[in-house]
Amino acid sequence: MRTFMCAVVLLVAASAAALTPATKIVVPAGARGAGAGGSVWQMDLYLLNPGTTAATVMVYWLERNQNNTSAVPFTVTVPAGQEVVLEDVILDRVGLSSAGGAFRITSTEPVVANSRIYNLQGSSTFGQGFAGLGPEAVADAGGNTTAWIPGLQQSAASRSNLFAVAGASGAELSITGLSPAGASLGVRSFTVPPWGAFFTAAQPIVGANPGDLVLRVSVTSGSAWLAGSRIDESTGDPFTAAAAVVAGGGFDPSAYEGDWVGQWNNTTFGSSGAASATIEVDTATRMFTMTSDLDGFVFGASDPPPETYTGSYDDNGVTISANSPTFGDSEITVSSTGQITGGSTNVPNPSIDSVQYSGTITPTAYSVNY
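Residues numbered from 1 in each chain as written. Predicted model: local features only at pLDDT ≥ 70, side-chain atom pairs only at ≥ 80, totals over all residues. Heavy atoms only, no water.

Engineer: What am I meant to see in the confidence of the model for the chain here?
Structural biologist: For the chain, the average pLDDT comes to 85, and 89% of its residues sit at 70 or higher. The low-confidence segment residues 1–17, where pLDDT is below 50, has 64 contacts with residues more than four positions distant or belonging to other chains. (pLDDT = per-residue confidence, 0-100. Contact = heavy atoms within 4.5 Å.)

Engineer: Please explain the pairing of strand β20 (residues 328–335) as it appears in this structure.
Structural biologist: Two faces make up the sheet, and in a regular strand the side chains alternate between them. Sheet topology note: the strand β19 (residues 317–324)/β20 ladder contains 8 bridges and is antiparallel. Counterpart to alanine 322 in the pairing with β20 is serine 330. The hairpin formed by β19 and β20 contains 3 residues between the paired strands. Bridge count for β20 against strand β21 (residues 339–345) is 6 bridges, and the pairing is antiparallel. The residue bridging aspartate 329 from the neighbouring strand is threonine 345, located in β21. Between the antiparallel neighbours β20 and β21 lie 3 residues, among them glycine 338 with a positive phi of about 90°. (Pairing = 2+ DSSP bridges. Helix = DSSP H or I, 4+ residues; strand = E, 2+ residues; numbered from the N terminus.)

Engineer: Just to check I follow, could you spell out the environment of proline 135 for this structure?
Structural biologist: Relative to the helices and strands, proline 135 resides in the loop between β6 (99–119) and β7 (139–140). You can call proline 135 exposed: its relative accessible area is 53%. Each C-alpha atom of the pair proline 135 and alanine 22 lies 7.8 Å from the other, and the pair is 113 residues apart in sequence. Not counting residues within four places of it along the chain, the set of residues in contact with proline 135 comprises Ala22 and Lys24. (Buried < 20%, exposed > 50% of the residue type's maximum accessible area, 1.4 Å probe, protein only.)

Engineer: Could you clarify how one ought to interpret the packing of aromatic side chains in this entry?
Structural biologist: Two aromatic rings are characterised by how far apart their centres lie and by the angle between their planes. Using the criterion set out here, one finds 6 aromatic pairs in the structure. Relative to phenylalanine 163, the ring of phenylalanine 130 lies with its centre 5.3 Å away and its plane at 70°, an arrangement referred to as edge-to-face. Remark: phenylalanine 163 occurs in strand β9 (residues 158–178) and phenylalanine 130 occurs in the loop between β6 and β7; sequence separation between them is 33 residues. Note on phenylalanine 130: relative accessible area 1%, which makes it buried. Clustering of aromatic rings is evident, with ring pairs tying together Phe130, Phe163 and Phe199. For arginine 116, the ring lying beneath its charged end belongs to tyrosine 118, and the centroid distance is 4.0 Å. (Phe/Tyr/Trp six-rings, centres within 6.5 Å; stacked < 30°, edge-to-face > 60°. Lys NZ or Arg CZ within 6 Å of the ring centre and 35° of its normal.)

Okay, here's the thing in structure tokens:
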């Protein structure tokens, strides 16, 4: 059974990313409304045109966890060499007094976007902002597949969060929490709708108090912009950790870990039986282990005992070589995108010369044809 928890924390902020002029920008988090301890938060958005031609800027508010393909923008003209300050932008321009989401910006000329989220109550605002991210910051399944977010912590002293904005096709995210030494602290997978704004606390992924950590986000489908935040529990002081986007380097089959149940069917003879498997992943040694149990008259023989298959994995996927008492000498691969291929020879059943495998696996289901 697959389960996940997502704790919603309304408001956090901060920024450390470099600002680069672009015509397509995402501000990965925005919020307005009441927070903990009587705090009241609002957001200001800054648009700077460093060029010599006035820019017509379209600003889209992206609701959290929704398909925002049909979002209606508001328009801002930013004169050449000037900045436009949109104070309390979520209330003043979007018309929402309490909301969490993100902004997508398109412009006729390259502009810079920055933001500030701050507390209106008390003597300290703790206001910092999320920088606007351009195309160079996109993580996508076609090449730059992985984003690393360092400098986070989940403990009694600090809590951490992750923010994402999916592209036009949405995104499938596999989020792995890692200790500073690279040991896996947990993994969760999420689906983000097209132009959807996404948020998750780190705690459901890594547990209550693992201490310092890194979040590694693999984009297995679609594309996304990503950012993280860390908040001091005693002072409320926020810090945003920018994401480093890299090509490959992040395939982690931990998303497949756990217990699986299902059924096998022989389409030739109409026989069937229960099927179950347990998958374990050791990220320190990059080893993959699957124990599979097929019940019933498999290949026309008696009920076989459970079998364990062990292999290694790298950035390209999992490779398993095994001698199975049921299936013979087996070579199976699982690509980094979840494509299953392989075959078996020297099958113990004299009526079967060889077996070929094909199929797919995702964090929630897998199917194999043989």
